[in-house]
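# Structural characterization, general
Take a look at the letters that make up each chain.
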Amino acid sequence: MSHNIFWFRNNLRLNDNYPLLQCIKDSTCISFVYIVNRNLKILDVEENHKNKFLIDALNQLQTNLSNLGHELYVIQGEPSVLFSSIAKQHQINKIYCEKIISPYEKDEELSITQPDVVSLWDSSLLNTEDLEFDVSNLPDTFTTFRKKVESKPITVTLSESLPLPKPADLLNIKSCKLPKYENIFRGSVDFLNHYTICENGAQSFVKDYFSDNKALEYKQTRNELMGNDFSTKFSVWLAHGLISARQIFTSLKNYEENNRANESTYWILFELLWRDYFRFLHFKYDRKLYFPFGLKNKEINETSQVNIINLEEANTGSSFINAGIRELQNSGFLSNRMRQILASFIIFEMKIDWRVGADFFQKYLIDFDIYSNQGNWIYIAGYGTDPRGGRRFNVEKQKNTYDIDNQYEMYWNENT
Ligand code: FAD
């Protein structure tokens, strides 16, 4: 008999989940565990969109597993301590989980001494083994990477879904009680109030996205600041693994085959390749991406505490930037364009350390994804691989291009 634990980390789904598939294959019985760590302050009842999304997703996963006769143990604490205490009381063979290679998550996994951990990479669109180069030799520019992977047709294989083995109780382990929130989603992601936050909700959302012709105009609209439809909003589902990039790619290809393919539909893939690029950069540069100087040898900003307070209080001297901060804090989302403008302002005008800026986004973004967040921040700051070195945006020019009618600035400064 092989009793294994499946540890859900950022992949809160049962389908197309490669580590789960391996766990199912190797187990006669399974216990499902989610560990509440720094990513979620369950006891913090303050309304926070990021927490609300994750808590909804966990509640729903608990329900879905319970319908299959299983329990999801949501436990608070340090993984190493929790797992060794479980291992003392039960004959656990192994822990299976998604491999996450950012420093904190890597250390979290390495700290587990018992039982043995089998962690498997699963969060990219492209399988690292299918790349024509070793991922540790990733090209240093996105364009070279993209051209290499596009030199042959991109195909993906979805993991098969197998029935779950028997459940195994973890005696003496108490699951935390998860709070329930009202529907609080606002702004560009207010559509979330109409979806169940779970893998079925993610599937329905992606189906709805491709049910009309938004994808055909994606490239023209993706830089807008406000609304449900200017970009795909796949990120909120992807960040929590409610859907995989492979599943999205499959829907995109179906749409192209059954409707039309154009530059815009291709551009959705183009952006998903950026997502992979920032993941693969972590294989190559690992912790260096988190060093103050990143990969470069140049000065970093000496952050003034007053400016950090000004940032949190949306008191920056620019009404347009204040609107961006308020949107982030009050909705948990920002368009890609506004993320770029705000990040540039924080780094180059407020002279705040880029890593403090990255933490600020981490605190609020519903779609927070360690690889994409760190990758974009280091890119804008100019401490990454990009040979052009940093991206400083002219706020006035951006405002005149993307908010000429003042709608965005007014909305977020007046409705928070
Ligand atoms: P779309 O424009 O519809 O793009 C489709 C998908 O492609 C996205 O869901 C996302 O998975 C991927 N994608 C698009 N742009 C990028 C990009 N620049 N880098 C990586 N992947 C991309 N994205 C996150 O998912 N989590 C983050 O924590 C995050 N932090 C960011 C921080 C900064 C400073 C910047 C400039 C960008 C950040 N992004 C992050 C990338 C991007 O802004 C979001 O992925 C995008 O705005 C999400 O909206 P969407 O799903 O509608 O994107």
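This text gives an overview of the structure that appears in the document. Note that the coordinates shown come from a computational prediction; the quantities given were computed from them, not determined experimentally.

Counting its secondary structure elements, the protein chain contains 17 helices and 6 strands. Compactness check: the protein chain gives a C-alpha radius of gyration of 22 Å against a globular reference of 22 Å for 416 residues, within 12% of the reference. C-alpha atoms of the protein chain, sized along the principal axes, occupy 65 × 50 × 45 Å. Counting over 416 residues, the protein chain shows a buried share of 58%. For the protein chain, restricting intrachain contacts to residue pairs at least 6 apart in sequence, the fraction spanning at least 24 positions comes to 77%. Counting 46 positive and 53 negative side-chain charges, the protein chain places the averaged centre of each group 3 Å from the other.

Below, the discussion takes up the layout of surface pockets. In this structure, the largest pocket spans a volume of roughly 1100 Å³. Around the largest pocket sit 40 residues that line it, and R222, E271, N336, R339 and N376 are the ones nearest its centre. Looking at the lining of the largest pocket, the elements that each hand over two or more residues are α8 (235-239), α10 (263-285), α13 (336-349) and α15 (370-381). Residues belonging to the lining of the largest pocket are distributed by class as follows: 20 nonpolar, 10 polar and 10 charged. Here the second largest pocket defines a volume of roughly 620 Å³. Considering the residues around the second largest pocket, the lining is formed by 28 residues, among which L125, L126, N127, T128 and D130 are closest to the centre. Those elements that provide at least two residues to the lining of the second largest pocket are α1 (18-26) and α5 (142-149). The greatest single-element share of the lining of the second largest pocket, amounting to 3 residues, is contributed by α1. In terms of residue class, the lining of the second largest pocket is made up of 13 nonpolar, 7 polar and 8 charged.

A few words on unusual backbone geometry. Residue P115 is bonded to the preceding Q114 through a cis peptide linkage, with omega at -10 degrees. Positionally, P115 belongs in the loop between α4 (103-110) and β5 (116-120). For K233, which is not glycine, the phi dihedral falls at a positive 60 degrees. Position of K233 among the secondary structure elements: in the loop between α7 (218-221) and α8. A relative accessible area of 2% places K233 in the buried class. Of note, the phi angle at D286 is positive, near 50 degrees, even though the residue is not glycine. Position of D286 relative to the elements: it lies in the loop between α10 and α11 (305-312). Look at D286 and you get partly exposed, because its relative accessible area is 23%.

Moving on: the packing of aromatic side chains. Scanning the model with the defined rule gives 38 aromatic pairs in all. Note on F210 and Y255: the rings are 5.4 Å apart at their centroids and 35 degrees apart in plane angle, and the pair reads as tilted. Taken together, the residues F210 in the loop between α6 (199-209) and α7 and Y255 in helix α9 (residues 245-258) connect sequence positions 45 residues apart. Like F210, the residue Y255 is buried in the burial classification. Relative to Y364, the ring of F360 lies with its centre 5.4 Å away and its plane at 75 degrees, an arrangement referred to as edge-to-face. Of this pair, F360 and Y364 both sit in helix α14 (residues 354-364), separated by 4 residues, roughly a single helical turn. The buried category is assigned to F360, whose relative accessible area is 5%. Over the ring of W7 we find R9, and its NZ or CZ is 4.3 Å from the ring centre. Positioned above the aromatic ring of F333, the side-chain terminus of R339 is 5.0 Å from the ring centre.

Quick notes on the rules
Within any chain, residue numbers begin from 1 and follow the written order of that chain's sequence. Only residues with pLDDT of at least 70 are given local features in this predicted model, and only at 80 or more are side-chain atom pairs given and counted; all residues enter the totals for whole chains, interfaces and linings. Processing note: side-chain calculations cover all non-hydrogen atoms of the structure and skip hydrogens and water entirely. The helix and strand labels rest on DSSP assignments: H or I over at least four residues marks a helix, E over at least two residues marks a strand, and numbering proceeds from the N terminus. Using C-alpha atoms as the atom set, the radius of gyration is obtained and then compared with a globule rule of 2.2 Å times the number of residues to the power 0.38. Only protein chains enter the accessibility calculation, which uses a 1.4 Å probe; a residue whose area is less than 20% of its type maximum is buried, one above 50% is exposed, and one in between is partly exposed. Two residues form a contact once any of their heavy atoms are found within 4.5 Å. This count recognises Lys and Arg as positive and Asp and Glu as negative, with His and chain-terminal groups excluded. Where a charge lies is defined by one atom per residue type: Lys uses NZ, Arg uses CZ, Asp uses CG and Glu uses CD. Residues are called lining when one of their atoms sits within 4 Å of a cavity or pocket point, these points coming from a 1 Å grid over the protein atoms alone, where a cavity is a set in which a 1.4 Å probe fits but cannot get out and a pocket is an open set with protein on both sides within 12 Å along at least five of seven lines. Grid points are joined across faces, edges and corners, and a volume is the space filled by probe spheres set on the points. The classification used treats Ala, Val, Leu, Ile, Met, Phe, Trp, Tyr, Cys and Pro as nonpolar, Asp, Glu, Lys and Arg as charged, and all other residues, Gly among them, as polar. Any Phe, Tyr or Trp ring, taking Trp's six-membered ring, that has another such ring centre within 6.5 Å forms a pair; planes under 30 degrees apart are called stacked, those over 60 apart edge-to-face, and the others tilted. For a ring to carry a charge above it, either NZ of a lysine or CZ of an arginine must fall within 6 Å of the ring centroid while also lying within 35 degrees of the normal to the ring plane.

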